[in-house]
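# Survey of secondary and tertiary structure
For reference, the chains in residue letters:
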Amino acid sequence: MHGSRIAAIGHYQPARVLTNEDLAGMVDTSDEWIRTRVGIRTRHIAGPDEPVDELAAHAAAKALAAAGLGPADIDLVLVATSTAIDRSPNMAARVAARLGIPGPAAMDVNVVCAGFTHALATADHTIRAGAATRALVIGADKMSEVADWSDRSTCVLVGDGAGAAVVEACAPEQEPGIGPVLWGSVPEMGHAVRIEGTPPRFAQEGQSVYRWATTRLPAIARQACERAGITPEELAGVVLHQANLRIIEPLAEKIGAVNAVIARDVTKSGNTSAASIPLALSKLVEQGALPTGAPVLLFGFGGNLSYAGQVIRCP
């Protein structure tokens, strides 16, 4: 009942880097066109022999090592993904098998780009309820596998990767390190971001998503800060879903986090969907850009038009 905290975080990206110049040889586009419209310069692309659960397991292993824990210390595995091709076994079970985690509850969470913050809230609630003591929360997506590589409006966006957090119960004397979640959706606009068909392909209505993100979401993100009992000015960091630099920058500005480090990993990693928030946060932690214990707003948004955000204390 004392809440939970992120004990450690880790990330993983495939070795292959796809540049804007590479894309210009595949589809009618250019480095300038891409950078001007979405701010992306490079993205990492997994090979056919690198499934989503492998990306997830690499990130999770790094988070476990950073926390000084082993597989037997975990009793809940949550994987946020929207690029699982098979229905069963799910990604969480596959990751648990890869890591040798004995007997965990293992569940996938499909809320597309808001998946990690939904999964993080679910882990926090589960630990608060006493149904788990320590969880692996992973965001992992292989967007290259669902990309339409002939559509220059979407294929330039996508990248592959994974990020993972070890979430554990706080001691009675500790302040909770994961604040109350603010989440919701606009299901009647769910068609604006889609991964549909056989084979599944990613498509979106870019202008609708841009208007929604930059006009509706700032107030919601500020409410997430209010629920945590802090003002935007007190934030040390803001890690938004890394959708598009032209969404991230105006949204961050409208939130009013004037003293915060703003994650801009999208320029190097592209849109990695559910992986984008833990991936960007892990890099900031690794770089020493955020002090341990500092308040950081995590805010995911996208498919379904769903959103979820919470203030965490930096691991």
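Please read these numbers as outputs of a predicted model, since none were measured by experiment. (Residues numbered from 1 in each chain as written. Predicted model: local features only at pLDDT ≥ 70, side-chain atom pairs only at ≥ 80, totals over all residues. Heavy atoms only, no water.)

Inspection of the sheet shows strand β4 (residues 76-80) paired to strand β5 (residues 105-109) by five bridges, in the parallel sense. Paired with valine 77 across the two strands is alanine 106, which belongs to β5. Handedness of the crossover is the feature at issue here: the chain leaves β4, passes through helix α4 (residues 91-99), returns alongside β5, and the resulting connection is right-handed. (Pairing = 2+ DSSP bridges. Helix = DSSP H or I, 4+ residues; strand = E, 2+ residues; numbered from the N terminus. Right-handed = clockwise from strand over helix to strand, strands pointing away.)

Another point: unusual backbone geometry. In most cases, non-glycine residues show a negative phi, while peptide bonds are predominantly trans. Residue proline 89 follows serine 88 across a cis peptide bond; omega there is 0°. The topology assignment puts proline 89 in the loop between β4 and α4. Of the consecutive residues threonine 198 and proline 199, the connecting peptide bond is found in the cis state with omega at -5°. The backbone phi angle of valine 112 is positive, close to 50°, even though this residue is not glycine. Among the secondary structure elements, valine 112 is positioned in the loop between β5 and α5 (115-128). What makes valine 112 buried here is its relative accessible area of 13%. One non-glycine residue, serine 273, lies in the positive phi region at around 55°. (Buried < 20%, exposed > 50% of the residue type's maximum accessible area, 1.4 Å probe, protein only.)

The tendency in soluble globular proteins is for nonpolar side chains to be buried as a group. If you look at the biggest cluster of nonpolar residues, it comprises 49 residues, and the most contacted ones within it are Leu217, Leu235, Val238, Leu240, Leu297, Phe299 and Phe301. Broken down by secondary-structure element, the contributors of at least two residues to this core are α2 (31-38), α7 (206-215), α8 (217-228), β11 (237-240), α9 (245-255), β13 (295-302) and β14 (306-313). It is α9 that contributes the most residues to this core, six residues altogether. (Core = buried A, V, L, I, M, F, W, Y, C linked by side-chain atoms within 4.5 Å.)

Moving on, we get to the pairing of strand β9 (residues 193-196). When β9 meets strand β10 (residues 201-204), the two strands line up antiparallel, connected through four bridges. In the sheet register, isoleucine 195 faces β10, and the bridge partner there is phenylalanine 202. Here β9 folds back onto β10, and the loop between the two strands holds four residues, one of which, glycine 197, carries a positive phi near 95°.

To continue, consider the pattern of salt bridges. Applying the stated rule across the entire model yields 13 salt bridges. In this structure, the salt-bridge partner of arginine 5 is glutamate 168, at a minimum N-O distance of 2.6 Å. Of this pair, arginine 5 sits in strand β1 (residues 4-12) while glutamate 168 sits in strand β7 (residues 160-169), and the two are 163 residues apart along the sequence. Look at arginine 5 and you get partly exposed, because its relative accessible area is 28%. For the salt bridge of arginine 35 with aspartate 31, the shortest nitrogen-to-oxygen distance reads 2.7 Å. Here arginine 35 pairs with aspartate 31, and both are found in helix α2, just four residues apart, close to one helical turn. Judged by its relative accessible area of 21%, aspartate 31 is partly exposed. (Salt bridge = Lys/Arg side-chain N within 4 Å of Asp/Glu carboxyl O.)

Overall, mixed pairing links the five strands, which are arranged β8-β14-β13-β11-β12 in an open sheet. The sheet is open, and its two edges are formed by β8 (182-185) and β12 (261-262), each paired on a single side. The sheet contact formed by β13 and β14 spans eight bridges and is antiparallel. If you follow glycine 300 over to β14, its bridge partner there is alanine 308. Lying on the sheet, α9 is in contact with β11, β12 and β13; it crosses β11 at an angle near 135°. (Contact = heavy atoms within 4.5 Å. Axes fitted to C-alpha atoms, helices over the stretch in contact; angles between N-to-C directions.)

The contact between α7 and α9 brings their axes to 8 Å, and the two run at 20°. The pairing of α7 with α9 is recorded here as roughly parallel in orientation. Viewed along their axes, α7 and α9 form a crossing whose handedness is right-handed. Of the residues in α9, those touching α7 at Val209, Tyr210, Ala213 and Thr214 are Arg246, Ile247, Pro250, Leu251 and Lys254. Split into classes, the residues belonging to the contact of α7 with α9 amount to six nonpolar, one polar and two charged. (Parallel < 35°, antiparallel > 145°, perpendicular 65-115°, else oblique. Left-handed = near helix turned anticlockwise from the far one by under 90°. Nonpolar A, V, L, I, M, F, W, Y, C, P; charged D, E, K, R; others polar.)

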